[in-house]
2 protein chains.
Amino acid sequence: MKTHAAIKFNVPEPTLRRLPWYLAYAQLIQREGEQYLSSTQIAKNLSVDASRVAKDLSYVKISGRTRVGYEVNELVRVLNAFLGFSNRHKAFLFGVGNLGGALMHDNGLAQFGLEIIAGFDAKYELTGTSINHIPIHHIHRFAELQKQMNVSVGILTVPVERAQGVADMLVEGGIKAVWNFTPFRIRVSEDVVVQNTSIYANLAVMFNRLNELTELTKR
Amino acid sequence: MKTHAAIKFNVPEPTLRRLPWYLAYAQLIQREGEQYLSSTQIAKNLSVDASRVAKDLSYVKISGRTRVGYEVNELVRVLNAFLGFSNRHKAFLFGVGNLGGALMHDNGLAQFGLEIIAGFDAKYELTGTSINHIPIHHIHRFAELQKQMNVSVGILTVPVERAQGVADMLVEGGIKAVWNFTPFRIRVSEDVVVQNTSIYANLAVMFNRLNELTELTKR
């Protein structure tokens, strides 16, 4: 098995990040009742280079018609499937604190193919409670429930000092992808996917830009 | 006024995205009761190049001592201030749907300097209700409440087809930074900050990597 960093994935990450924009735009056009959508139209409306849109869509198995473009319903269906949004990925969430609880409230995740079927926490007072009809178990029950349910995705929203330890436990239990919301850079074996999503890093960038623009405006 | 894209910001975005990792690690070390932390130690533990850590920290006004490194409490305090996490930025949230409601539940944001003081939605049945003690108003009241409260940050969690229209309204009302959680690429005037955070784009990347690794393992 090659190390994760050394694996050459088929679809580049920037492409995977742009495809949801095209999907969102196609869905907008779909709701407006249009039948066809061209890559030039996508490019123009999203301010992305037209050749980049065409290249991105070349990874997706869909063919457009010259001059008219892609059939909108087909484009929406194919993009949803390609991005994994029409699959049903079961997930366990670890750390039912502020952010963890918030994610359990977000029914939108299920529409994008991710279904949180249980939360786990080390706090005994949370055991047996639920959020948004999702049960919360004590973290000691993870191994047992994982054996029954064989969940592939683990959402990590524990405090920083628990991040590596809990990640190790997930991988040991057979979790194949860790969605890491902690600001800690966890390390896992090479056959496990780590997706880092740092909401607070985005905040840091936004605050800095806001300050710098405010300074510029004052001059 | 220069266009936003043309503005040369002082601190590079990758640096702003890494600094919260260093902060998280420093806080971990702080809780373990250590007094000093060196950039080499940060580099080693977070698998970042040591010269990169030193360069990143050079943007922050803090000086370390040769051999012993940074005083941990000081590093935590200075990084929190530098990243804007110890300020209090007031925010309005627009679109109290799944994700919007989830963000209103996340008390963690306040710890990182962002306080959501009201939600707005076009649905009349939400008017007068609240989530996590944060009041929800009809979107028609935005201009009036913005005049009273002079909020700088707008969180955008509306449906895709409303994204541009609501963003225009925010900017018109004097919002200076838009935290855009929609997959739509909104366009605003050059003196307004847009921070795009697409949770679902991260999901797309994770699902794809999970699939590709599963395929590799099968071979």
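**Q** So what about the interface of chain B and chain A? Which residues, and what values?
**A** Many structure descriptions define interface size as the accessible area lost when the parts assemble. At the junction of the two partners, chain B supplies 71 residues and chain A supplies 71 residues. Between chain B and chain A, the buried area comes to about 6,800 Å², and carbon and sulfur atoms account for 69% of it. The interface formed by chain B and chain A holds two salt bridges in total. There are 21 residue pairs in polar contact (both at pLDDT 80 or more) connecting chain B and chain A.

**Q** Break down the pairing of strand β4 (residues 114–121) of chain B for me, citing the residues and quoting the values.
**A** For a regular strand, side-chain orientation follows a simple rule: the groups alternate between the two sheet faces. Residue and element names in this part refer to chain B. Burial analysis of β4 places six of its eight residues in the buried class, the great majority of the element. With six bridges connecting them, strand β3 (residues 89–94) and β4 associate as parallel partners. Bridge pairing links Lys-90 to Glu-115 in β4. Across three bridges, the pairing between β4 and strand β6 (residues 134–138) is parallel. By the bridge assignment for β6, Gly-119 is matched with Ile-136.

**Q** I'd like a rundown of the sheet that holds strand β5 (residues 130–131) of chain A, residues and numbers included.
**A** Residue and element names in this part refer to chain A. A sheet is described by the order of its strands in space; here seven strands give the open sequence β5-β6-β4-β3-β7-β8-β9, paired in mixed fashion. Two strands close off the open sheet at either side, each with one partner strand: β5 and β9 (193–196). In terms of strand pairing, β5 meets strand β6 (residues 134–138) through two bridges, oriented antiparallel. The residue bridging Ile-131 from the neighbouring strand is Ile-134, located in β6. Those strands touched by helix α7 (residues 142–149) are β3 (89–94), β4 (114–121) and β6, and its axis lies near 175° from that of β3.

**Q** Please give an account of the domain arrangement of chain A that cites residues and values.
**A** According to the domain assignment, chain A consists of domain 1 (13–83) and domain 2 (89–202). For domain 1 of chain A versus domain 2 of chain A, the separation of C-alpha centres amounts to 32 Å.

**Q** Help me get a handle on the relation of the copies chain B and chain A, residues and values and all.
**A** The two copies are related by a screw operation: chain B maps onto chain A through 180° of rotation and 0.0 Å of translation along the axis, at an RMSD of 0.0 Å. The relationship between the two copies is best expressed as a two-fold rotation axis. Identified as the residue of chain B closest to the rotation axis by C-alpha distance is Ala-102 of chain B, at 2.2 Å. Same-surface contact between copies: 100% of interface residues of chain B are shared with the interface of chain A.

**Q** Lay out empty space enclosed by the protein in plain terms, naming residues and giving numbers.
**A** The final tally for this structure, using the stated rule, is one cavity of 30 Å³ or more. Volume-wise, the largest cavity comes out at about 30 Å³. Lining of the largest cavity is provided by Leu-99, Ala-102, Leu-103 and Ile-199 of chain A together with Leu-99, Ala-102, Leu-103 and Ile-199 of chain B. Of all the elements in the fold, those that place two or more residues in the lining of the largest cavity are α5 (98–105) of chain A together with α5 (98–105) of chain B. Grouping the constituent residues of the lining of the largest cavity by class yields eight nonpolar, no polar and no charged.

About the criteria used
- Residues numbered from 1 in each chain as written.
- Chains lettered and ligands numbered in written order.
- Predicted model: local features only at pLDDT ≥ 70, side-chain atom pairs only at ≥ 80, totals over all residues.
- Heavy atoms only, no water.
- Contact = heavy atoms within 4.5 Å.
- Buried area = accessible area lost by both parts, 1.4 Å probe.
- Salt bridge = Lys/Arg side-chain N within 4 Å of Asp/Glu carboxyl O.
- Polar contact = N/O pair within 3.5 Å; in protein donor to acceptor, adjacent residues only side chain to side chain.
- Buried < 20%, exposed > 50% of the residue type's maximum accessible area, 1.4 Å probe, protein only.
- Helix = DSSP H or I, 4+ residues; strand = E, 2+ residues; numbered from the N terminus.
- Pairing = 2+ DSSP bridges.
- Axes fitted to C-alpha atoms, helices over the stretch in contact; angles between N-to-C directions.
- Domains from an automatic or database assignment.
- Least-squares fit on C-alpha atoms with pLDDT ≥ 70 in both.
- 1 Å grid on protein atoms, 1.4 Å probe; cavity = no way out; pocket = protein on both sides within 12 Å on 5 of 7 lines; lining within 4 Å.
- Points joined across faces, edges and corners; volume = space filled by probe spheres on them.
- Nonpolar A, V, L, I, M, F, W, Y, C, P; charged D, E, K, R; others polar.

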